[in-house]
Amino acid sequence: MRGIQYIPPDTKIPFMRWRHVYFALSTIIIVGSILLFAFRGLNFGIDFAGGILLEVRTSGPADLAKMRSTLNELNLGEVGLQEFGSYDDVLIRIERQQGGEAEQQVVVRKVKEALGTSVDYRRVEVVGPQVSSELFTNGLLALFAAIGGIIIYIWFRFEWQFAIGAVIAELHDVISTIGLFALIGMEFNLTTVAALLTIAGYSINDTVVVYDRVRENLRKYKTMPMSELLDISLNQTLSRTANTGMTTLLALLALYIFGGEVIHGFALAMIWGVLIGTYSSIGAAVPLLVVFKLRRGGAAADQQAVQTP
């Protein structure tokens, strides 16, 4: 008994015919993301900006308005409150105060005195500027190391055109995700960096599947025009790409809806990453092979040609 097929097995979508549209759309996305990052910037969390973080639990439903008013009277600068998983858990973020560790602890004591004994303090963290700077630097290094590893892997497994196409698609996904966070102003923290690394892994996996089929077809069809061959390869892997994306999105949507506030940033980044990663595999990674003039050769030349119909 055959399962439900969302994508017909014999699709003949002319993807390459629209490659200039894909390139224009991708250019708009990348340029827009860079401009958003340059002019709006990211809403760095305490991990990167430094500051004070308190997780408290109230005896009943938290009155955020009252708590915010109480803390604003302390004149501590920017103070953010949000429910954290349930109606009685609250996450309090306070911008870093001038001075060293002692001044930060003074602020923590003031907050505890202001809120009184009616709340239970589950977590108190103070992140200094040196630590936050190191975390940001290490996060960038991890991201660049992952992309560098991908370049090496694709270069050795395929030809140089595949490596460049894959890296451009990777940067497309990462930059657009950063642009999304700059646009909506959601907190950018270490969890978001983890999401970016996961997006890079997901996207390259999707791209490699299509590239493998392209390489197989290069060996099989020796006289077929390159654009037609790439179209066939994309159509042959389209069902797998769609099914993988849909099942991953279902899990991520459940995580976003039911996972609580603390994981919203990660889940949102992953949802966008799956969508943009699927698009970039089809609309960037493969069409770029035409731009870089991929030619038949190497292992493909060792096998017998099969003429196209």
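A quick note: this is a predicted structure, and the numbers were derived from the prediction, not measured. (Residues numbered from 1 in each chain as written. Predicted model: local features only at pLDDT ≥ 70, side-chain atom pairs only at ≥ 80, totals over all residues. Heavy atoms only, no water.)

Enquirer: Which parts of the structure should I look at to understand the pairing of strand β2 (residues 51-58)?
Expert: Along any regular strand, the residues point their side chains to alternate faces of the sheet. Among the eight residues of β2, seven are classified as buried, and the element is accordingly described as predominantly covered. Sheet topology places β2 next to strand β4 (residues 89-95); seven bridges connect them, and they run antiparallel. When the bridges of β4 are listed, Leu54 appears paired with Ile92. Relative to strand β5 (residues 119-127), β2 runs antiparallel, the two sharing eight bridges. (Buried < 20%, exposed > 50% of the residue type's maximum accessible area, 1.4 Å probe, protein only. Helix = DSSP H or I, 4+ residues; strand = E, 2+ residues; numbered from the N terminus. Pairing = 2+ DSSP bridges.)

Enquirer: In this structure, what is going on with the layout of surface pockets? I would like to understand it.
Expert: Gaps left between atoms show up when a probe the size of a water molecule is rolled over them. Roughly 740 Å³ of volume is contained in the largest pocket. Along its surface, the largest pocket is lined by 32 residues, and Gly45, Ile46, Arg93, Glu187 and Asn189 are the ones closest to its centre. Of the voids in this model, the second largest pocket is the one considered here, and its volume is about 330 Å³. The wall of the second largest pocket is formed by 18 residues, among which Leu140, Leu143, Phe144, Val174 and Ile178 lie closest to the centre. Elements supplying a minimum of two residues to the lining of the second largest pocket: α1 (19-39), α5 (129-157), α6 (160-184) and α7 (190-220). (1 Å grid on protein atoms, 1.4 Å probe; cavity = no way out; pocket = protein on both sides within 12 Å on 5 of 7 lines; lining within 4 Å. Points joined across faces, edges and corners; volume = space filled by probe spheres on them.)

Enquirer: What am I meant to see in the nonpolar core here?
Expert: Across soluble globular proteins, you tend to see nonpolar side chains buried next to one another. Judged by nonpolar contacts, the single largest core of 32 residues is most densely connected at Ile154, Phe162, Tyr211, Val214, Leu229 and Leu230. Listed by contribution, the elements that provide at least two residues to this core are α1, α5, α6, α7, α8 (226-258) and α9 (264-285). With seven residues, the top contributor of residues to this core is α7. If near-sequence neighbours (up to four positions away) are discounted, Phe162 is found in contact with Ile154, Tyr211, Val214, Leu218, Leu289 and Leu294. (Core = buried A, V, L, I, M, F, W, Y, C linked by side-chain atoms within 4.5 Å. Contact = heavy atoms within 4.5 Å.)

Enquirer: Is there a simple way to explain the side chain of Ser176 in this structure?
Expert: Mapped onto the secondary structure, Ser176 falls in helix α6. Residue Ser176 is classed as buried on the basis of its relative accessible area, which comes to 2%. A polar atom in the side chain of Ser176 sits 3.3 Å from the side chain of Trp272. (Polar contact = N/O pair within 3.5 Å; in protein donor to acceptor, adjacent residues only side chain to side chain.)

Enquirer: Hey, could you run me through the pattern of salt bridges in this one?
Expert: A pair can form between side chains of opposite charge whenever their charged atoms are brought close. Evaluated as defined, the whole model comprises six salt bridges. Here Glu55 and Arg123 are joined by a salt bridge, their closest N and O atoms 3.3 Å apart. Residue Glu55 is found in strand β2, and its partner Arg123 is found in strand β5; the two are separated by 68 residues along the sequence. When its relative accessible area of 11% is taken as the criterion, Glu55 is described as buried. (Salt bridge = Lys/Arg side-chain N within 4 Å of Asp/Glu carboxyl O.)

Enquirer: Sorry if this is basic, but what is going on with the pairing of β4 here?
Expert: Most of β4 is tucked away: five of the seven residues are buried. In the sheet, strand β3 (residues 79-83) pairs with β4 via five bridges, with the strands oriented antiparallel. Bridged to Gln82 within β4 is Leu91.

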